[in-house]
Amino acid sequence: MIHKDALLPLSGWLNRKDSDKKTVSFPAGLFVRELLIVLSCFLIGRAVLFHQIAPFGVALFAVLLYRRKGGLGAFSAVAAGLISFLFELRVIRYVLVMLIVSAVWKYAGKKTGRWSVFKTALTLLLSFAAVNTTFSLLNGFMLYETLIGLFESIVGFVMVYVFSRSADVLWDQKRRQILSGEEVICLSIFLSLIIIGFWDITVLRFSLRTILTIFLILMSGYMGGAGTGAAIGITSGFMLSLASSPDPALMGSLAICGLLAGTFRELGRTGSSIAFFLANILMTYYINRSTYVILPFGEIAAAVLLFLILPTKTIKHLKRFSDSGLTRAEAQQAYGRRMKELTIGRLHEFAQVFRHLSRVFGRISERSSSAGPEDLSGLFDMAAEQVCRGCPLYRSCWERDFYNTYVNMFDMLSVCEEKGLLEEKDIPGSMKRRCLKVDKLAEVMNFIYHSYRTNMKWQQRLVDCRQLVAEQLEGVSHVVTDLAAELDMDIRFRTGMEEAIRLELDKKGIKVGEVLVLEKPGGKTEVSIHKPACSGNRECLKKIEPIVSSVLGKAMSRQHRDCTRAGKRECIVHLAEARQFEIITGIARQPCQEAAACGDSYSFTSIRDGKYMLALSDGMGVGARAAEESSAVISLLENFLEAGFDQAITIKTINSILMLRSREEMFATADLCVLDLVAGQAEFIKIGGVSSFIRRGSEVEVIRQTGLPMGILEDVSIESISVPICDEDMIVMVTDGILDAFAAVGDREQALAAYIATLDTTNPQELADSIREEALFHSDGEARDDMTVMAGRVWKSY
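In this text, all values refer to a predicted model and were calculated from it rather than measured experimentally.

*Asks:* Hey, could you go over the sheet that holds strand E17 (residues 787-796) for me, with residue numbers and the actual values?
*Replies:* Spatially, E8-E17-E16-E13-E14 is the arrangement adopted by the five strands of the open sheet, whose pairing is antiparallel. Every other strand in the sheet has two partners, leaving strand E8 (581-590) and strand E14 (699-703) as the edge strands with one partner each. Within the sheet, the average angular offset between the axes of one strand and its neighbour, ignoring direction, is 20°. Strand direction decides the pairing type here: strand E16 (residues 729-734) and E17, joined by six bridges, are antiparallel. Bridging from a neighbouring strand, methionine 733 pairs with methionine 790 of E17.

If you want it as structure tokens, here you go:
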């Protein structure tokens, strides 16, 4: 007799104490789950192979028992399902098998707590073998019956693993994100057996079993793609064939219909449904060569109707299990966003710390710099101590006539401050008449005053240092805040494009590893491809560039044209949007006649996202000191812009750095032109820089903007001027030494613009040299200030 605890109806009650069972209410969610378990056991219990064996319900009961999810309810449901279809003595065999499995689990599995899927499957196999062998011996030995019993035992063993995989998905769906291929197949077998349990139930002459099968295949193809649709189609067809008469045509038709439904899933649910319908017509004509359809159109229409009215929210929820690539991409993007948020948050915290330190130092310096009357009283006390102590008139001067004595001392201190030295003649007459030590008083007052000035000087130096530290900390806080703002960019990963590129490259026989497609703010696209090195054969330029451009629908080019991985085993190809324009630059300089070094600095270089930088900086003054300041500005511009920072943030950061370097007047201009060679735009930013010029044909456009140099004001005003660039434009940037030289012939901007218009050359170096020579000519051959000309020619690439 089996113990009643082995057949408890609810899995959750198996681990509760008796006192708990009396007080705990029955949750509605648990009731629904138990109801679905009972219904599944009943329907799968009705699934029969070859019209005589039904091991599926028993295998499901064994799995539920092992997982503590079923007991008396599952036992009764499986038995009821068997009786509803196999109302004969054979049902007794399955009931005996379930009782044996329950007893083994109760006395071996539950007590030891170390039961496994294999032990459950082996127990079921041995139970089937024992019961079938016993009945075979009682009814007389027949080889066919013995083979059928052996086959049933093996099927039961296998189905334990199938149902165990299905249970992992069904009961842990809140924790699961991705389903493996094996789990998808096992789940389809589970659902197919439930559908088989309906058998010949019809609704309005439509077979419910066929409708549900078509619905399952449509869902699988739409969510998982062509491969999943075909796999579920052939699995469902195979299970239906096993449950009835063998029908290879049905298996093939369902597989093809699932394949096409998955292939056209990009067209939506309607597209998948039409593809399934047309596939059925194709297979009907191909197999039967007649109008006798394999799958009735009415049942397909009913399944399609169920498929179309299914809520979109449910589709999305189920789709996340099958579309593992999308799930991984979303997880990666979520992880990337979280890391970015953490990084930005940490930077803001650092900025807040520096800002707080700045305020603390600022308050300390304010308190230190405040000098009050107590300081003067201290000076007078020192003088009285050194001169008046022991004098017979001390009480008369410092007690009875304190006010006049204090005023006289203050007047003497004022004389020291005005003349720098107090002489005996400068002592007030009333003090001379009363004081017995006039000469010593003058000497001590001079000494005390000079000591006081020295102390105040060093104290002020200390206050200045503290204030400088406070300003530096505040500047660092601004820099860190700007860096955090720069990091807060919206970058998207285009997983669909990655798969498309990988597929097209594979079609051309190009083996690649990782493919990464990034879409930056503004729509700019970058592609990185990891591939085996081609030994310098330029495979990236000859094959990969055209393929990627074709897939993305925009011209892409390699960022570094020279092969840097020759002789290596692997290379990384970085592709960015191809430039519409190219540029070549010329430079001409002339240092001031009074200095050995030119105080102007310049740079022209490619930066990120297909942009090109032209930059000039004029350090205040001439010579090495001016060159140091301008060189620092240019160096910082290069580093920040090449790292991908925004122009405005770059200028503000450099201005803060210049403010931190020294309290001395060390300023520098920044004349910046950033050319977007992909979009065809030029952006000018001038911080103290003079006008620039664009020659287009015979016309010259003047780009002017007023502003103070960097390093003067804490908050620098940044305004940019955007100008479209055209083929064969010439961009000219100069420093004030050039422009001031043309002031000799009238308005300096108009004079230089007119001269540029007269130059008939497209060589930027010749243009720059000509402008410098003309500027020297107007200065009588002498450079009164540093002169620098930068010229760039822009042309369309073909």
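*Asks:* Please set out the nonpolar core residue by residue, giving values where relevant.
*Replies:* If you look at the biggest cluster of nonpolar residues, it comprises 75 residues, and the most contacted ones within it are Phe56, Met159, Phe163, Leu193 and Phe276. Here this core takes nine residues from helix H3 (residues 56-66), the largest share from any one element. Once residues within four sequence positions are removed from consideration, phenylalanine 276 is found in contact with Ile214, Ile217, Leu218, Cys257, Gly258, Ala261, Leu295 and Ile300. By size, the runner-up hydrophobic cluster in this structure holds 26 residues, among which are Val702, Phe742, Leu759 and Val789.

*Asks:* Please provide a residue-by-residue account of the pairing of E16, values included.
*Replies:* The buried count for E16 comes to six of six residues, which makes it a mostly enclosed element. Burial along E16 is two-sided: the residues Asp729, Ile731 and Met733 and Met730, Val732 and Val734 are all buried. In this sheet, E16 lies alongside strand E13 (residues 692-696) in antiparallel orientation, the contact comprising four bridges. Following the sheet pairing, serine 692 is matched in E16 by methionine 733.

*Asks:* Now, about helix H26 (residues 748-758): what can you tell me, with residues and values included?
*Replies:* Every buried residue of H26 is accounted for by Glu749, Ala751, Leu752, Ala753, Tyr755 and Ile756. On its buried face, H26 is in contact with E13, E14, E16, helix H25 (736-741) and helix H27 (764-778). Where H26 begins, one side-chain oxygen reaches toward the backbone nitrogen of glutamate 749, 3.3 Å away; that side chain belongs to aspartate 747.

*Asks:* Run through the environment of cysteine 540, naming residues and quoting values.
*Replies:* Looking at the secondary structure, you find cysteine 540 in helix H22 (residues 539-552). Placed 17 residues apart in sequence, cysteine 540 and serine 557 show a C-alpha to C-alpha distance of 9.3 Å. Among all residues touching cysteine 540, those that are not within four sequence positions of it are Glu545, Arg558 and Val573.

*Asks:* Go over the sheet that holds strand E12 (residues 681-687) with me, naming the residues and quoting the values.
*Replies:* Strand order across the open sheet formed by five strands is E9-E10-E11-E12-E15, with antiparallel pairing between neighbours. One side of each edge strand has no neighbouring strand; the edge strands of this open sheet are strand E9 (600-607) and strand E15 (720-724). Each strand of the sheet is rotated relative to its neighbour by a mean of 15°, with strand direction disregarded. As paired elements, strand E11 (residues 670-676) and E12 share seven bridges and run antiparallel to each other. Its bridge partner being in E12, alanine 670 is matched across the sheet by isoleucine 687.

*Asks:* Which residues make up the environment of leucine 60, and what values go with them?
*Replies:* For leucine 60, the location among the structural elements is in helix H3. Measuring from C-alpha to C-alpha, the distance between leucine 60 and isoleucine 44 comes to 8.0 Å, with 16 residues separating the pair along the chain. Setting aside anything within four residues of it in sequence, one finds leucine 60 in contact with Ser40, Cys41, Ile44, Phe163 and Phe190.

*Asks:* Describe empty space enclosed by the protein, with residues and values.
*Replies:* Taken as a whole and assessed by the stated rule, the structure comprises four cavities of 30 Å³ or more. Approximately 140 Å³ is the volume attributed to the largest cavity. Every residue lining the largest cavity is counted, 15 residues in all, and those nearest its centre are Cys388, Cys397, Trp398, Met431 and Cys435. Among the secondary structure elements, those contributing two or more residues to the lining of the largest cavity are helix H16 (373-388), helix H17 (394-400), helix H18 (402-419) and helix H19 (429-434). Here the lining of the largest cavity is built from residues that sort into 12 nonpolar, one polar and two charged.

What counts and what doesn't
Residues numbered from 1 in each chain as written. Predicted model: local features only at pLDDT ≥ 70, side-chain atom pairs only at ≥ 80, totals over all residues. Heavy atoms only, no water. Pairing = 2+ DSSP bridges. Helix = DSSP H or I, 4+ residues; strand = E, 2+ residues; numbered from the N terminus. Axes fitted to C-alpha atoms, helices over the stretch in contact; angles between N-to-C directions. Core = buried A, V, L, I, M, F, W, Y, C linked by side-chain atoms within 4.5 Å. Buried < 20%, exposed > 50% of the residue type's maximum accessible area, 1.4 Å probe, protein only. Contact = heavy atoms within 4.5 Å. Polar contact = N/O pair within 3.5 Å; in protein donor to acceptor, adjacent residues only side chain to side chain. 1 Å grid on protein atoms, 1.4 Å probe; cavity = no way out; pocket = protein on both sides within 12 Å on 5 of 7 lines; lining within 4 Å. Points joined across faces, edges and corners; volume = space filled by probe spheres on them. Nonpolar A, V, L, I, M, F, W, Y, C, P; charged D, E, K, R; others polar.

Scope: geometric values only; no functional claims are made or implied.
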